[in-house]
Amino acid sequence: MEKEELIRNVCIAASAAIPVAGGSISVLLDKYLPNKIEERKQNILENVQTDLSRIDINVLENKLDNEEFYTVFLKVLNKSIANHRKEKLMAFRNIIFNDIISEEMAFDEVSLYIRLVDELTVDQIKILNLFYRTYVINDDKYKDIMQRNSLNNIIRTIWSNIDEDYLMACTTELIRFQLLIGRTESMKRSSIDGFTLSRFGERFVKFIFNPVYDDKLYEFK
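Note that the coordinates shown come from a computational prediction; the quantities given were computed from them, not determined experimentally. (Residues numbered from 1 in each chain as written. Predicted model: local features only at pLDDT ≥ 70, side-chain atom pairs only at ≥ 80, totals over all residues. Heavy atoms only, no water.)

### Here we look at the nonpolar core
Applicable threshold: Here, the term nonpolar core denotes a set of buried Ala, Val, Leu, Ile, Met, Phe, Trp, Tyr and Cys residues that are joined through side-chain atoms within 4.5 Å. The buried label applies to any residue whose accessible area, calculated with a 1.4 Å probe on protein chains only, is under 20% of its type's maximum; exposed applies above 50%, and partly exposed to all values in between. Comment: elements are numbered from the N terminus, with helices defined as DSSP H or I runs of at least four residues and strands as E runs of at least two. Contact between two residues is taken to exist if any of their heavy atoms lie within 4.5 Å; hydrogens are not considered.
In this structure, I95, L120, I127, L128, L179, F204 and F209 are the most contacted members of the largest nonpolar core, which totals 55 residues. Sorting elements by how many residues they give to this core places helix α6 (residues 86–101) first, with seven residues. Setting aside anything within four residues of it in sequence, one finds F204 in contact with Y113, L116, V117, L120, L128 and L179.

Below, the structure written as structure tokens:
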């Protein structure tokens with residue numbers, strides 16, 4: 001089967017599998033929002049088709065024989081259609097892409113990645129992106145300021161008018177999810193004010209920020 005035909009068949013099947021809504025809310029959606037829902041669905045599938053076209057046909061065919069891939073694929077598509085924020089949509093795109101090209105994992109980490117992208121706020125994703133740019137891809141843009149200041153001061157410097165309590169809530173939850181780890185655990189590793197990405201956190205940010213990436217999405221306002 002030709003690569004383009006294979007990708008097209010996957011996207012057609014996925015489109016049919018995405019529910020618009022269920023129960024009483026479907027009445028409202030059928031009346032007021034069908035165009036918007038259909039537009040989102042088409043945008044998602046067009047992006048998926050573009051991403052799949054970048055993958056070697058042998059890798060793609062091998063992965064499409066795997067039942068687990070379809071479970072991940074449908075989870076991501078359903079989460080994506082419920083989102084409008086580009087930061088999350090890009091993260092979901094990268095999860096599908098990386099799930100295809102990565103070796104099979106011993107644990108169900110990808111399902112946790114999907115749940116974390118869905119549950120984390122966009123601001124928390126932006127905070128994680130600071131660590132990704134500084135310690136994973138070695139971007140010089142924030143490197144000096146991140147190495148000379150505490151985590152809270154860094155974020156206050158580049159994110160004007162941030163509420164202290166909200167910032168604390170954001171970072172505390174990232175620590176609770178073991179995406180960031182504290183001073184004792186991060187000894188001998190590069191860190192910001194004693195905080196750095198955990199090994200799990202590093203795997204997570206690589207999965208959601210690469211290869212589809214737009215630096216402007218993660219700028220603080």
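Picking up where we left off.
### Observations regarding the confidence of the model for the protein chain
What counts is decided by this rule: pLDDT is a residue-level measure of predictor confidence that goes from 0 to 100.
Looking at the protein chain as a whole, its pLDDT mean stands at 79, while 74% of the residues score no less than 70. Averaged over each element, pLDDT in the protein chain is lowest for helix α2 (residues 25–32) (53) and highest for helix α12 (residues 199–209) (96). Residue range residues 20–25 is modelled with pLDDT below 50. Its contacts to residues more than four positions away, or to other chains, number five contacts.

### Quick word on the packing of aromatic side chains
Where we set the bar: Only Phe, Tyr and Trp rings are paired, with Trp represented by its six-membered ring, and only when their centres lie within 6.5 Å; those with planes under 30 degrees apart are stacked, over 60 edge-to-face, the remainder tilted. Counting as a charge over the ring demands two things of the Lys NZ or Arg CZ atom: a distance within 6 Å of the ring centre and an angle within 35 degrees of the ring normal.
The final tally for this structure, using the stated rule, is nine aromatic pairs. By way of ring pairs, the aromatic residues Y113, F200, F204 and F207 are connected into one cluster. Lying over the aromatic face of F177, R176 brings its terminal NZ or CZ to 4.6 Å of the ring centre.

### Section: the packing of helix α4 (residues 57–64) against α6
Here is the rule we go by: Structural elements are reduced to axes, namely lines fitted to C-alpha atoms, with helices fitted over the stretch in contact, and the angle between N-to-C directions of any two is expressed from 0 to 180 degrees. Throughout, the term roughly parallel applies to angles under 35 degrees, roughly antiparallel to angles over 145, roughly perpendicular to angles from 65 to 115, and oblique to all others. Residue type decides the class: Asp, Glu, Lys and Arg count as charged, Ala, Val, Leu, Ile, Met, Phe, Trp, Tyr, Cys and Pro as nonpolar, and the leftover types, Gly among them, as polar.
Relative to each other, α4 and α6 sit at 95°, their axes nearing to 9 Å. In terms of axis orientation, α4 runs roughly perpendicular to α6. Facing V59, L60 and K63 of α4, the residues of α6 in contact are D99, I100 and I101. For the contact of α4 with α6, a count of residues per class yields four nonpolar, no polar and two charged.

### Description of the layout of surface pockets
Rules: In this analysis the probe radius is 1.4 Å and the grid spacing 1 Å, with only protein atoms considered; a cavity is a set of points the probe fits into but cannot get out of, a pocket is an open set with protein on both sides within 12 Å along at least five of seven lines, and lining residues have an atom within 4 Å of a point. Grid points are joined across faces, edges and corners, and a volume is the space filled by probe spheres set on the points.
Here the largest pocket is characterised by a volume of approximately 340 Å³. In this structure, the largest pocket is lined by 18 residues; those nearest its centre are N43, I44, N47, K86 and L89. Of all the elements, α6 adds the most residues to the lining of the largest pocket, at six residues. Taken together, the residues of the lining of the largest pocket break down into nine nonpolar, five polar and four charged.

### Structural notes on unusual backbone geometry
Cis geometry marks the peptide bond from N210 to P211; its omega dihedral reads 10°. Even without glycine at this site, Q178 takes up a positive phi of about 65°. Mapped onto the elements, Q178 comes out in the loop between α11 (164–176) and β1 (180–181). Residue classification places Q178 among the partly exposed residues on the basis of a relative accessible area of 39%.

### A closer look at the side chain of N98
Within the fold, N98 resides in helix α6. Beyond its immediate stretch of four places on either side in the chain, N98 contacts K206, F207, N210 and P211.

### Observations concerning empty space enclosed by the protein
Any empty space left between atoms is shown by rolling a water-sized probe over those atoms. Applying the stated criterion across every chain yields a total of one cavity of 30 Å³ or more. In this structure, the largest cavity encloses a volume near 150 Å³. What lines the largest cavity is a set of 14 residues, among which K63, E68, D99, E104 and M105 lie closest to the centre. Counted by class, the lining of the largest cavity contains five nonpolar, two polar and seven charged residues.

### Points about the packing of helix α7 (residues 109–119) against α12
Two numbers describe how α7 lies on α12: the axes approach to 11 Å, and their chain directions differ by 75°. The angle between α7 and α12 falls in the class roughly perpendicular. Listed contacts from α12 to E109, V110, L112, Y113, L116 and V117 of α7 are F200, R203, F204, F207 and I208. By residue class, the composition of the contact of α7 with α12 is nine nonpolar, no polar and two charged.

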